[in-house]
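A structural walkthrough
Listed below are the residues making up each chain.
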Amino acid sequence: MKSIVYTRTGGPEVLELVESDIVEPSAGEVRVRVVVSGVNPTDWKSRVGGGASRELEHPQTPNQDGAGVVDAVGPGVSRFVVGQRVWLRDAAYQRPTGTATEFVVLPATLVNPLPDGVSFDVGASLGIPALTAHRALTARETGPAKLAPGSLAGQHVLVAGGAGAVGHAAIQLAVWAGATVITTVSSEQKADLAWRAGAHYVIDYRSENTVERVAAIAPHGVETIVEVNPRANIGMDVEMIANGGTVAIYVSGTPDEVVIPGRASMTKNVRYQFILTYTTSEVQKASAVAAVTAAAADGAMGVGDAFGLPIIRYRLAETGAAHRAVEDGAVGKVLIDVGSFDLGNQARDAAAADLAPDGDAW
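Here is a short report on the structure shown in this document.

About the thresholds
- Residues numbered from 1 in each chain as written.
- Predicted model: local features only at pLDDT ≥ 70, side-chain atom pairs only at ≥ 80, totals over all residues.
- Heavy atoms only, no water.
- 1 Å grid on protein atoms, 1.4 Å probe; cavity = no way out; pocket = protein on both sides within 12 Å on 5 of 7 lines; lining within 4 Å.
- Points joined across faces, edges and corners; volume = space filled by probe spheres on them.
- Helix = DSSP H or I, 4+ residues; strand = E, 2+ residues; numbered from the N terminus.
- Nonpolar A, V, L, I, M, F, W, Y, C, P; charged D, E, K, R; others polar.
- Axes fitted to C-alpha atoms, helices over the stretch in contact; angles between N-to-C directions.
- Parallel < 35°, antiparallel > 145°, perpendicular 65-115°, else oblique.
- Left-handed = near helix turned anticlockwise from the far one by under 90°.
- Contact = heavy atoms within 4.5 Å.
- Core = buried A, V, L, I, M, F, W, Y, C linked by side-chain atoms within 4.5 Å.
- Buried < 20%, exposed > 50% of the residue type's maximum accessible area, 1.4 Å probe, protein only.
- Salt bridge = Lys/Arg side-chain N within 4 Å of Asp/Glu carboxyl O.
- Phe/Tyr/Trp six-rings, centres within 6.5 Å; stacked < 30°, edge-to-face > 60°.
- Lys NZ or Arg CZ within 6 Å of the ring centre and 35° of its normal.

1. A few points about the layout of surface pockets
When its volume is computed, the second largest pocket comes out at roughly 340 Å³. It is strand 4 (residues 55–60) that provides the largest number of residues to the lining of the second largest pocket, a total of four residues. In the lining of the second largest pocket, the residues fall into eight nonpolar, eleven polar and three charged.

2. Remarks on the packing of helix 3 (residues 127–137) against helix 9 (residues 282–297)
Where helix 3 meets helix 9, the axes come as close as 9 Å, and the angle between the chain directions of the two elements is 110°. Relative to helix 9, helix 3 is oriented roughly perpendicular. When you trace helix 3 past helix 9, the crossing you get is right-handed. Along the contact surface, helix 3 presents Ala130, Leu131, His134 and Arg135, while helix 9 presents Gln284, Lys285, Ser287, Ala288, Val289, Ala291 and Val292. Partitioned by chemical class, the residues of the contact of helix 3 with helix 9 number six nonpolar, three polar and two charged.

3. Considerations on the nonpolar core
Leu147, Leu173, Val226 and Met301 are the most contacted members of the largest nonpolar core, which has 52 residues in total. If we skip the residues at most four places from it in the chain, Val226 touches Ala136, Leu137, Val157, Leu158, Val159, Ala160, Ala170, Ala248 and Tyr250. Counting residues in each nonpolar core, the second largest holds 29 residues, with Val70, Ala100, Leu106 and Ala322 among its members.

4. A look at the pattern of salt bridges
Tallied over the entire structure, the rule returns eleven salt bridges. Of the charged contacts, one joins Glu24 and Arg31 as a salt bridge, the two residues approaching to 3.2 Å between their closest N and O atoms. A salt bridge links Arg196 to Asp192, with the nearest nitrogen and oxygen atoms 3.0 Å apart. One end of the pair is Arg196 and the other is Asp192, both in helix 5 (residues 188–197) and four residues apart, which spans about a single turn. Since its relative accessible area comes to 34%, Asp192 is described here as partly exposed.

5. Considerations on the packing of helix 6 (residues 210–217) against helix 7 (residues 230–240)
Remark: helix 6 packs on helix 7, axes separated minimally by 10 Å, with the N-to-C direction vectors making an angle of 20°. Between helix 6 and helix 7, the angle falls in the class roughly parallel. Of the two elements, helix 6 crosses helix 7, and the hand of that crossing is right-handed. Listed contacts from helix 7 to Thr210, Val211 and Val214 of helix 6 are Met236, Glu239 and Met240.

6. Some points on the packing of aromatic side chains
The full count for this structure, using the stated rule, is one aromatic pair. Relative to Tyr278, the ring of Tyr93 has its centre 4.4 Å away and its plane inclined at 0°; by these criteria the two rings are stacked. Here the residue Tyr93 occupies a position in the loop between strand 6 (85–88) and strand 7 (103–107), and Tyr278 occupies one in the loop between strand 14 (271–274) and helix 9, the gap between them amounting to 185 residues. The exposure class assigned to Tyr93 is partly exposed, which follows from its relative accessible area of 25%. Looking at Arg85, its charged tip hangs above the ring of Phe120, at a distance of 5.0 Å from the centre.

7. Remarks on empty space enclosed by the protein
If you roll a probe as big as a water molecule over the atoms, it shows you where there is empty space left. For the structure shown, the criterion picks out two cavities of 30 Å³ or more. The computed volume of the largest cavity comes to approximately 70 Å³. Forming the boundary of the largest cavity are Val122, Ser125, Leu126, Pro129, Ala130, Ala165, His168, Ala169, Gln172, Met301, Val303 and Leu309. The element that contributes the greatest number of residues to the lining of the largest cavity is helix 4 (residues 165–176), accounting for four residues. Here the lining of the largest cavity is built from residues that sort into nine nonpolar, three polar and no charged. Estimated volume of the second largest cavity: approximately 30 Å³. Within the residue set of the lining of the second largest cavity, elements represented by two or more residues are helix 3 and helix 9. At three residues, helix 9 tops the list of elements feeding residues into the lining of the second largest cavity. Each residue belonging to the lining of the second largest cavity can be placed in one class, and the counts come to two nonpolar, three polar and two charged.

So this is what it looks like as structure tokens:
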């Protein structure tokens, strides 16, 4: 089988296309024929590492997210059958088995059924973005632990950076759960994407006063803020948050420190929830997986131009270019079509989902 691997940390040039043996699944494992691999910022950051380039103990295949078809099941696995469509999460977290490969063997807990009519493109776009967004939207002390239709009814959610992958997923999940969704963007192009994602209000923070606009929409403040740039926004967040509200933060930067307005935060009893989806609790992760799968089944997690998240496609051999695109801030979802079989599967998959030509279709 063909796989992408790297044996030392560094730039996209460390990624190599290699031939390797197909591995049989052990007890509790599932082998998946990968159709589409999703690329996230965490993938190139893991490849770069934390400092100077260093040799790895074992070759590493990148990419956490993906979607495909069950090819074999190990002893003790009863949830899946050969031929079943699935989406994958956390494939390369603390293991060498990312999704930039034709076949991947994973613990069955990291493999999730892909609902009928949901495309492989959507499946490969869930994982990191949607699970992060779900945790952000359920971090409020008095909020739901698992999203469902109506679970956020009556609440206002502010999503900073609604044109990004996590922001896009947060808009979709919050709308699905019944919230009134406000989002901020930095351009007319990104505003169009946020509207297509389903946001009820879109604010261009470069030309509008965000605090004033939010106050007009939600006079008592917003219950939850999904925050992508806390160093720049935290002061405004405290002004816009409702009493007892939560600011959910899923990024860190350089420098890493965030200065929080203490007295104003105390006055409003603000909760700050920092999020790394890898290390959320098993209960939180299970709730997120179940909710995200249900939302996808309901058609709420679409990707592609029609849904406000343009797809940028690469072949497996172009994984380095795919990583570079994400690192350079590509607007949209970067996906890798894996193997020569993917074109037919994508076409059949798109037809099954009855997608529009500018949606998930090839």
